[in-house]
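Descriptive structure summary
Residues per chain are reported as follows:
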Amino acid sequence: EAASLLVRYLGREKFLALLNERAAAIGMEGAMFSDPIGRTGENTGNLQNLFVLAKHVSENRGFLLEISQGKLIDPFYGKPLLGNVSPELNLSSYPDFNGGTLDGDGALAIFNFEANGAVSQVAVIVAGSPNPTGDIEAIYAWIKERYARE
């Protein structure tokens, strides 16, 4: 993972300090990272923090959403940095899926949602689910049914 490489280069404490500084700078109030990869459950935050992060990534780091869709990212020089990318959250059957991530019992998906002639991005976040992909699909279907009326 990219985080592992950055930890190796910067060192664990420096990486965590930068991660926490950036989280605060983008408005992730109360979020605290103490595990660089997020596998131990020591990191703290809430669903609002995930929404803020999703919005920041969507507005400022759209290439990450492309990676999460399994699209190749070409560097300025040479071959693509990533080959055979397999998206964790496979919602490719949704043409309005913009990207997302799946991690154990949680998932975050961003869709380009059209309603009343306007397109907006909608983030769907689930946590503590035995079927996060299925729950994302069900919630998004409900949103479309409820709000996509003309």
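In what follows, the accompanying structure is described. Owing to the predicted nature of the structure, the values given are computational and were not obtained by experimental measurement.

So, how was this worked out
Residues numbered from 1 in each chain as written. Predicted model: local features only at pLDDT ≥ 70, side-chain atom pairs only at ≥ 80, totals over all residues. Heavy atoms only, no water. Phe/Tyr/Trp six-rings, centres within 6.5 Å; stacked < 30°, edge-to-face > 60°. Helix = DSSP H or I, 4+ residues; strand = E, 2+ residues; numbered from the N terminus. Buried < 20%, exposed > 50% of the residue type's maximum accessible area, 1.4 Å probe, protein only. Lys NZ or Arg CZ within 6 Å of the ring centre and 35° of its normal. Core = buried A, V, L, I, M, F, W, Y, C linked by side-chain atoms within 4.5 Å. Contact = heavy atoms within 4.5 Å. Expected span 1.5 Å × (residues − 1). Arc of directions from axis to C-beta.

1. Considerations on the packing of aromatic side chains
Within a pair of aromatic rings, the relevant descriptors are the distance that separates the centres and the angle that separates the planes. This model, assessed by the stated rule, comprises six aromatic pairs. Relative to phenylalanine 111, the ring of tyrosine 94 lies with its centre 6.0 Å away and its plane at 70°, an arrangement referred to as edge-to-face. Taken together, the residues tyrosine 94 in the loop between helix H4 (62-68) and strand E1 (97-103) and phenylalanine 111 in strand E2 (residues 106-115) connect sequence positions 17 residues apart. For tyrosine 94, a relative accessible area of 21% gives the class partly exposed. Judged by centre distance (6.2 Å) and plane angle (75°), the rings of phenylalanine 113 and tyrosine 140 are edge-to-face. Of this pair, phenylalanine 113 sits in strand E2 while tyrosine 140 sits in helix H5 (residues 132-147); the two residues are 27 residues apart in sequence, bridging distant segments of the chain. Relative accessible area serves as the criterion here: at 8%, phenylalanine 113 is assigned to the buried category. Among the aromatic residues, those joined into a cluster by ring pairs are Tyr94, Phe97, Phe111, Phe113 and Tyr140. Over the ring of tyrosine 147 we find arginine 146, and its NZ or CZ is 5.6 Å from the ring centre.

2. Quick notes on the nonpolar core
Counting residues in each nonpolar core, the largest one holds 14 residues, and the members touching the most others are Leu91, Ala109, Phe111, Val124 and Ile136. If you list the elements that add at least two residues to this core, you get E2, strand E3 (118-126) and H5. When residues of this core are assigned to their parent elements, the largest contribution, five residues, is made by E2. Contacts of valine 124, omitting those with residues within four sequence positions, involve Ala107, Leu108, Ala109, Phe111, Ile136, Ile139, Tyr140 and Ile143. Counting residues in each nonpolar core, the second largest holds seven residues, with Met28, Ala31, Phe33 and Val52 among its members.

3. Points about helix H2 (residues 12-25)
Under the 1.5 Å per step criterion, the end-to-end length of H2 is 20 Å for 14 residues, consistent within 8% with the ideal 20 Å. For H2, every residue scored as buried is listed here: Phe15, Leu16, Asn20 and Ala23. Down the axis of H2, the smallest arc covering the buried residues is 130°, so these residues share one side. Exposed side chains of H2 directed beyond 90 degrees from the buried face belong to Glu21 and Ala25. In the core, the buried residues of H2 are packed alongside helix H1 (2-10). With its phi angle positive at about 100°, glycine 27 sits one or two positions after the end of H2.

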